[in-house]
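Here are the chains, one letter per residue:
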Amino acid sequence: MNKIKSLDDLRQLREGMQAKIKLRESGDNAENIVRIKVAMSTCGIASGAKEIMTYLMDELEQHSIEAVVSQTGCMGYCFAEPTIEVTLPGKDPIVFGDVDKYRAAEIIEKYIIHNELVDGILPANYRTIDN
Amino acid sequence: MADYKMHLLVCGGTGCKASESEQIRDNLLAEVENHDLTDEVQVVMTGCFGFCEKGPIVKVLPDNTFYVQVKPEDAVTIVEEHLVKGRQVNHLLYRDPENDKPVSDSKHMDFYKKQVRIALRNCGFINPENIDEYIARDGYAALAKCLSEQTPQEVIDEIKRSGQRGRGGGGFPTGLKWEITSKSVADQKYVVCNADEGDPGAFMDRSILEGDPHSVIEAMAICGYCTGSSKGLVYIRAEYPLAIQRLKTAITQAREYGLLGEKIFGTPFCFDITLRYGAGAFVCGEETALIHSMEGLRGEPTFKPPFPSESGYLGKPTTVNNVETLASIPVIINKGAGFFSSIGTEKSKGTKVFALAGKINNVGLIEVPMGTTLREVIFDIGGGIKGGKKFKAVQTGGPSGGCLTNSFLDTPIDYDNLISAGSMMGSGGMIVMDEDDCMVSIAKFYLEFTLDESCGKCTPCRIGNKRLFEMLDKITKGLGNEEDLTRLRTLCKVIKDTSLCGLGQTSPNPILSTLDNFFDEYLAHVRDHKCPAGQCKSLVKYTINNDKCTGCTLCFRNCPVGAITGEKRSPHYIDNSICIKCGVCYDKCKFDAVSVS
């Protein structure tokens, strides 16, 4: 890994990363790539987030859906763990709560494949400091 | 296959459900069907929008129309007007409280969202084990800005202007703390991150370290630059294995990028971080005890002054900051002190993370601007009390804090208001209690905790708290008298005035605040030997109603101690000298014949 030796280096790396993310969002293959984040803090993992993450990866592969499944920290919805955030290409991210295997299958089948919503999505109830 | 063009989101949070949101959903479904729109419009229930005050809420996608206080009969209008004719239903739109104008697009009504995430900005957003994702979100830009454009004093002045106060509980101004260390002269100085989170029910720091470890690392380096320290230490409890692992990964990645180590960003500044594990003692959250624990000594506090900023770890000047305090620092640098100080109240700036727990619907981690009221936190974001029960009190500040009642619900939350209300900010645990909670037992619970956690160094805390606990125990067993209440209060004051450190000085707070706010409940325990909430087992009496008992023998067969006697098909009887008040008979009886008093 190259060391970051100056502010310019950092800017370059940041822009490179942002471009990479943008590419992931709007690149050639974008219409096919689904992004899923699984909340994996201690509490999420204790409620079964790890199993859900593995399950999602396996199921998506079985359905030949191109997806990036990654882990993230606590989303704050402790009452609805495990929680996952699904971003379909060109759409706003949607957070699903209480995701067990049954619900994970339902989310893939209904939301990811058929673009139907399922009950129990969690509306974002906070403001961010971006912009 | 249906190809939905529109979605109707109906809030299925507990608050909205209580005001018939399920009926609204059913009516909407029926109307959608009536108009032959089932292939184009989908109706779904969602989780809580965090705006229960204006519930039930119906949101229309994709145009983001946000309808509030919807009634079941409004379903017809929404479908006919909005879906069929494409006109918004004016009278159901949310009105901006400032100018009373309806807001048509919820993208422009972010203000209804009571939460603002600063310390939690990256939690649940980035992969905490990937430094690149942090950098893509302006990570380490604050450190770069400080090192290349600002002198340490300029950075300190910025932090001072932001008005940030320590989030660990004490509320000491962060900038001032840094300035004192920076002015101390020594060959070596230290930056310490206090990640010894010990309040029952609090998990803010753990969540930040697990979700966004780099923000803490970056802030420690900034602090190192400002105070002239090259060494950072994170004191973290060993019970947080995942936080430790993610922190370690983050430190390794930062070193690989040269963001920790020698000559950071090509400047002469050097800084590195090591971890120190605590064994999970509550008192080690107190900074002098924490420092002693890191030195390999017993985790006992010592008298201040000297303050750690002048003489701390190994006798060298040391800045000790809480995790949440540090996590906000990069935002203050990147967005400016003005941005931070524009949020909050006059004397408490910025936002505060709270861990909502107890008898509340939306248990979770939230971040709100200082000055948000308890009502907004509990009833909007928290979705109200579980099971439709009545709100009784909320405990803030952990074992050092107090219980706040109904009358404080509209008090804006900040450091000073909570103290004048008889509690404190603490690290941010918020435990909500309902009508079924006995306040004497709650006070006893917290005292039992401090009793366990007292280090034993000073007498008031070691012995005083023990005596307090014994008195409370006596009261909950129905053996107390009114004199005990006076003695309780006197001893509380003595312990507060004479203990060595914060643990002892605040340990009587849960008792004092419940004595102040729920004196009736204490009186009921000592005068009538009754527990109004029915929680104190010794004061509860189970009896069998002769008229209702059919003599089915179910209670007799289930009683674990043989306290129930009686013949088949004739009324049974509970011997209260044997009964252990387990409540099995009450749960098992099919005829409602067992009563509790």
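All of these numbers come straight from a predicted model, not from anything done at the bench.

1. Thoughts on the overall build of chain B
Of regular secondary structure, chain B possesses 23 helices and 20 strands. Dimensions of chain B, computed from C-alpha atoms along their principal axes, come out at roughly 90 × 75 × 40 Å. Within chain B, buried positions represent 59% of all 597 residues. Excluding contacts between residues fewer than 6 apart, the proportion of contacts in chain B whose partners are at least 24 apart in sequence is 68%. Total accessible area on chain B stands at roughly 23,600 Å², and carbon and sulfur atoms take up 50% of it.

2. Overview of the nonpolar core
One recurring pattern in soluble globular proteins: nonpolar side chains tend to sit buried together. One finds Tyr140(B) and Ile222(B) to be the most contacted residues of the largest nonpolar core, which totals 73 residues. Setting aside residues no more than four positions away along its own chain, Tyr140(B) makes contact with Leu10(A), Ile131(B), Tyr134(B), Ile135(B), His214(B), Ile217(B), Glu218(B), Ala254(B), Leu259(B) and Phe265(B). Among the nonpolar cores identified, the runner-up in size contains 28 residues, and Ile36(A), Val69(A), Ile107(A) and Val118(A) belong to it.

3. A closer look at the pairing of strand S12 (residues 351-358) of chain B
Residue and element names in this part refer to chain B. Of all 8 residues that make up S12, 7 are buried, and the element is covered over most of its length. Relative to strand S13 (residues 364-369), S12 runs antiparallel, the two being bridged by 6 bridges. Bridge pairing in S13 links Thr351 to Pro369. A loop of 5 residues connects S12 with S13, the two strands running antiparallel in sequence. Alignment of S12 against strand S16 (residues 429-434), held across 4 bridges, turns out to be parallel. In the strand pairing of S16, Ala355 is matched with Gly429.

4. What about a nonpolar patch on the surface?
Residues Phe172(B), Leu176(B) and Ile180(B) make up a contiguous nonpolar surface patch of roughly 220 Å² in combined accessible area. Note on placement: Leu176(B) falls in helix H7 (residues 174-183).

5. Examining the interface of chain B and chain A
On the chain A side, the residues contacting the 69 residues of chain B number 47 residues. Summing the contributions of chain B and of chain A, the shared interface buries around 4,800 Å²; its carbon and sulfur component is 56%. Remark: the boundary between chain B and chain A carries 2 salt bridges. Residues Asp119(A) and Arg25(B) are paired through a salt bridge, measuring 3.8 Å at the closest nitrogen-oxygen approach. Looking at the side of chain B that touches chain A residue by residue, the classes come out as 32 nonpolar, 18 polar and 19 charged. When strand S6 (residues 126-127) of chain A meets strand S7 (residues 115-116) of chain B, the two strands line up parallel, connected through 2 bridges.

6. Considerations on the domain arrangement of chain A
Taken domain by domain, chain A holds domain 1 (1-29) and domain 2 (33-122). For domain 1 of chain A and domain 2 of chain A, the distance between their C-alpha centres works out to 26 Å.

7. Section: the domain arrangement of chain B
Residues and elements named next belong to chain B. Each assigned domain of chain B is listed here: domain 1 (6-112), domain 2 (131-338), domain 3 (351-434), domain 4 (439-527) and domain 5 (541-596). Domain 2 puts 15 residues into the contact, and the matching count from domain 3 is 20 residues. Overall, the association of domain 2 and domain 3 removes approximately 1,400 Å² of surface from exposure, summing both partners, and the carbon and sulfur fraction of that is 60%. Our enumeration of links across domain 2 and domain 3 arrives at 2 salt bridges. When the shortest N-O distance is used, the salt bridge between Arg165 and Asp416 registers 3.5 Å. At the boundary of domain 2 and domain 3, one finds 8 residue pairs in polar contact (both at pLDDT 80 or more). Within the side of domain 2 that touches domain 3, the residues separate by chemical class into 5 nonpolar, 6 polar and 4 charged.

8. Things to note about the pattern of salt bridges
All names here are of chain B. Overall, the coordinates contain 38 salt bridges over all chains when judged by the stated rule. A salt bridge links Lys359 to Asp437; the nearest nitrogen and oxygen atoms lie 3.1 Å apart. Of this pair, Lys359 sits in the loop between S12 and S13 while Asp437 is found in the loop between S16 and helix H16 (439-453), placing the two residues 78 residues apart along the sequence. Here Asp437 falls in the buried class, since its relative accessible area comes to 12%. Taken together, the salt bridges that share partners define one network made up of Lys177, Glu286, Glu287 and Lys304.

9. Section: the packing of helix H18 (residues 482-498) of chain B against helix H20 (residues 509-517) of chain B
Residue and element names in this part refer to chain B. H20 packs onto H18 with a crossing angle of 140 degrees between their chain directions and a minimal axis gap of 10 Å. In this view, H18 runs oblique relative to H20, as classed from their interaxial angle. Viewed along their axes, H18 and H20 form a crossing whose handedness is left-handed. Counted together, Leu488, Arg489, Cys492 and Lys496 of H18 and Asn509, Ile511, Leu512, Leu515 and Asp516 of H20 form the full contact between these two elements.

10. Some remarks on the packing of aromatic side chains
One pass over the full model with this rule turns up 10 aromatic pairs over all chains. Relative to Phe269(B), the ring of Tyr225(B) lies with its centre 5.7 Å away and its plane at 80 degrees, an arrangement referred to as edge-to-face. Highlighted residues: Tyr225(B) in helix H9 (residues 213-227) and Phe269(B) in the loop between helix H10 (241-256) and strand S10 (272-278), separated in sequence by 44 residues. Phe269(B) shares its class with Tyr225(B); the two are buried. Between Phe445(B) and Tyr446(B), the aromatic rings sit 5.1 Å apart at their centres with planes inclined by 75 degrees, giving edge-to-face as the arrangement. Since its relative accessible area comes to 44%, Phe445(B) is described here as partly exposed. Among the aromatic residues, those joined into a cluster by ring pairs are Tyr225(B), Phe269(B) and Phe271(B). Positioned above the aromatic ring of Phe125(B) is the side chain of Lys37(A), whose terminal nitrogen or guanidinium carbon lies 4.1 Å from the ring centre. When the ring centre of Tyr126(A) is taken as reference, the NZ or CZ atom of Arg117(B) above it lies at 3.7 Å.

Conventions used here
- Residues numbered from 1 in each chain as written.
- Chains lettered and ligands numbered in written order.
- Predicted model: local features only at pLDDT ≥ 70, side-chain atom pairs only at ≥ 80, totals over all residues.
- Heavy atoms only, no water.
- Helix = DSSP H or I, 4+ residues; strand = E, 2+ residues; numbered from the N terminus.
- Buried < 20%, exposed > 50% of the residue type's maximum accessible area, 1.4 Å probe, protein only.
- Contact = heavy atoms within 4.5 Å.
- Areas by Shrake-Rupley, 256 points an atom, 1.4 Å probe, with all protein chains shown as cover.
- Core = buried A, V, L, I, M, F, W, Y, C linked by side-chain atoms within 4.5 Å.
- Pairing = 2+ DSSP bridges.
- Patch = residues over 30% accessible without salt bridge, like charges linked within 9 Å, V, L, I, M, F, W, Y side chains within 5 Å.
- Salt bridge = Lys/Arg side-chain N within 4 Å of Asp/Glu carboxyl O.
- Buried area = accessible area lost by both parts, 1.4 Å probe.
- Nonpolar A, V, L, I, M, F, W, Y, C, P; charged D, E, K, R; others polar.
- Domains from an automatic or database assignment.
- Polar contact = N/O pair within 3.5 Å; in protein donor to acceptor, adjacent residues only side chain to side chain.
- Axes fitted to C-alpha atoms, helices over the stretch in contact; angles between N-to-C directions.
- Parallel < 35°, antiparallel > 145°, perpendicular 65-115°, else oblique.
- Left-handed = near helix turned anticlockwise from the far one by under 90°.
- Phe/Tyr/Trp six-rings, centres within 6.5 Å; stacked < 30°, edge-to-face > 60°.
- Lys NZ or Arg CZ within 6 Å of the ring centre and 35° of its normal.

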